[in-house]
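# Structural overview
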Amino acid sequence: MPEDASVNTGAAGWPRPDAAYFTVREMQTKLHRWAAEDPGRRFGDLFNLVYDPAFLVHAWERVSTNKGAKTPGIDKATAAQIETWIGVEAFLGHIRNSLKSGGFRPVEVRQVMIPKANGKLRKLGIPTIADRVVQASLKLVLEPIFEAGFKPCSYGFRPNRRAQDAIAEIHLFASEPSNYRWVFEADIKACFDEISHTALMDRLRRRIKDKRTCSLVKAFLKSGVLTELGNKEETWTGTPQGGLCSAEHKPPYEQCRVMRSAGCWPW
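Residues numbered from 1 in each chain as written. Predicted model: local features only at pLDDT ≥ 70, side-chain atom pairs only at ≥ 80, totals over all residues. Heavy atoms only, no water.

In this section: the overall build of the chain. Regarding its fold elements, the chain presents 11 helices and 4 strands. Looking at the 267 residues of the chain, the share that counts as buried comes to 44%. The long-range share in the chain, meaning contacts at least 24 apart out of those at least 6 apart in sequence, stands at 74%. Here the chain displays about 15,100 Å² of accessible surface, and carbon together with sulfur accounts for 54% of that area. (Helix = DSSP H or I, 4+ residues; strand = E, 2+ residues; numbered from the N terminus. Buried < 20%, exposed > 50% of the residue type's maximum accessible area, 1.4 Å probe, protein only. Contact = heavy atoms within 4.5 Å. Areas by Shrake-Rupley, 256 points an atom, 1.4 Å probe, with all protein chains shown as cover.)

Here it is as structure tokens:
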């Protein structure tokens, strides 16, 4: 398929959640296949998918059924309140129109401090429901493209993979016939807080040439934080832990950083 060929589904109207799921899965399968077949391909015409009705409906389903749906952002609106007061289709229609017109702007995340087991505090950023829906739609579009480039040893923040799978692989290699005896454990200190926006956007642009999609990702990175004291803080580095995009941002950045440190990649 030519690199510049359109990948927009051209969907119209608001599909039922089950129909939206299958439409999204079909397009994700195509995106993943194209990315795997041509590792150097840079994808264009993706922004239309972000505001495609099927993607927005499926994104809403993911956000509204998540346990965090009861936790509001700075606008104090929960998913249940949106369903009751506005209606899902009207809510998604407003998001779709603002994305299409170029008027969508993410707002600050609401910062809360969560106690850690070691007595320290972890900063958690809670986006508004609207921002979560757009982030979820972005994730649905970008994830299959970047999934095609992940290493088999990567388990963090990936679909259908979990920590237990990594433990099972360690057990496999530590048993006959491999009999590995060493497990190297490492952690990137304050990874979410110190992610370089420049490095992350460079990684993104290696596969994504759609300027509107890249601009939307950057807008989320720069949206800022509203602290518990009501002060707005700019986000020059990092991505707030707690938003959907924090999970989407971390794996390609972290894999690049770890592999480069290990001398596996020259760049």
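Following the structure, the description resumes.
Further remarks concern the packing of helix 5 (residues 88–101) against helix 6 (residues 129–147). Working note: a packed helix pair is described by the angle between its axes plus the distance between those axes. Remark: helix 5 packs on helix 6, axes separated minimally by 11 Å, with the N-to-C direction vectors making an angle of 65°. Both helix 5 and helix 6 take part in a crossing whose hand is right-handed. Between helix 5 and helix 6, the contacting residues are Phe91, Leu92, Ile95 and Leu99 on the first element and Ile129, Ala130, Val133 and Val134 on the second. Considering only residue class, the contact of helix 5 with helix 6 consists of 8 nonpolar, no polar and no charged. (Axes fitted to C-alpha atoms, helices over the stretch in contact; angles between N-to-C directions. Left-handed = near helix turned anticlockwise from the far one by under 90°. Nonpolar A, V, L, I, M, F, W, Y, C, P; charged D, E, K, R; others polar.)

What follows is about the pattern of salt bridges. Tallied over the full model, the rule gives 6 salt bridges. Notably, a salt bridge pairs Arg16 with Asp18, separated by 3.6 Å at the nearest N-O pair. (Salt bridge = Lys/Arg side-chain N within 4 Å of Asp/Glu carboxyl O.)

Phe91, Ile95, Leu99, Val133, Ile208 and Leu216 are the most contacted members of the largest nonpolar core, which has 51 residues in total. Breaking this core down by element, the ones donating at least two residues are helix 1 (17–37), helix 2 (47–50), helix 3 (53–64), helix 4 (79–85), helix 5, helix 6, helix 9 (197–205) and helix 10 (211–221). If one sorts the elements of this core by residue count, helix 6 sits on top with 11 residues. Apart from residues lying up to four places away in sequence, Leu99 is in contact with Phe47, Val50, Tyr51, Phe104, Val134 and Leu216. (Core = buried A, V, L, I, M, F, W, Y, C linked by side-chain atoms within 4.5 Å.)

Here we come to helix 5. Across its 14 residues, helix 5 extends 20 Å between first and last C-alpha, which sits within 8% of the 20 Å expected from 1.5 Å per residue. For helix 5, the secondary structure elements touched by its buried residues are helix 2, helix 3, helix 4, helix 6 and helix 10. The first or second residue beyond helix 5 is Gly102, which carries a positive phi of 85°. (Expected span 1.5 Å × (residues − 1).)

What follows is about the environment of Thr71. Looking at the secondary structure, you find Thr71 in the loop between helix 3 and helix 4. In the structure, Thr71 is positioned 56 residues away from Pro127 in sequence and 9.4 Å away in space, judged by C-alpha atoms.

The next subject is the confidence of the model for the chain. Looking at the chain, the pLDDT average stands at 85 and 85% of residues meet or exceed 70. Between residues 1–12, whose pLDDT stays under 50, and residues either more than four places distant or in other chains, the model counts 29 contacts. Contacts from residues 246–251, a stretch scored under 50 in pLDDT, to residues over four places away or in other chains number 18 contacts. (pLDDT = per-residue confidence, 0-100.)

Once that is clear, we can look at the sheet that holds strand 4 (residues 232–233). Sheet architecture is open: 4 strands sit in the order 2-1-3-4, paired in mixed fashion. In the strand order of this sheet, the two ends are held by strand 2 (121–126) and strand 4, each with one partner. The pairing of strand 1 (residues 109–115) with strand 2 spans 6 bridges and is antiparallel. The residue bridging Pro115 from the neighbouring strand is Leu121, located in strand 2. (Pairing = 2+ DSSP bridges.)

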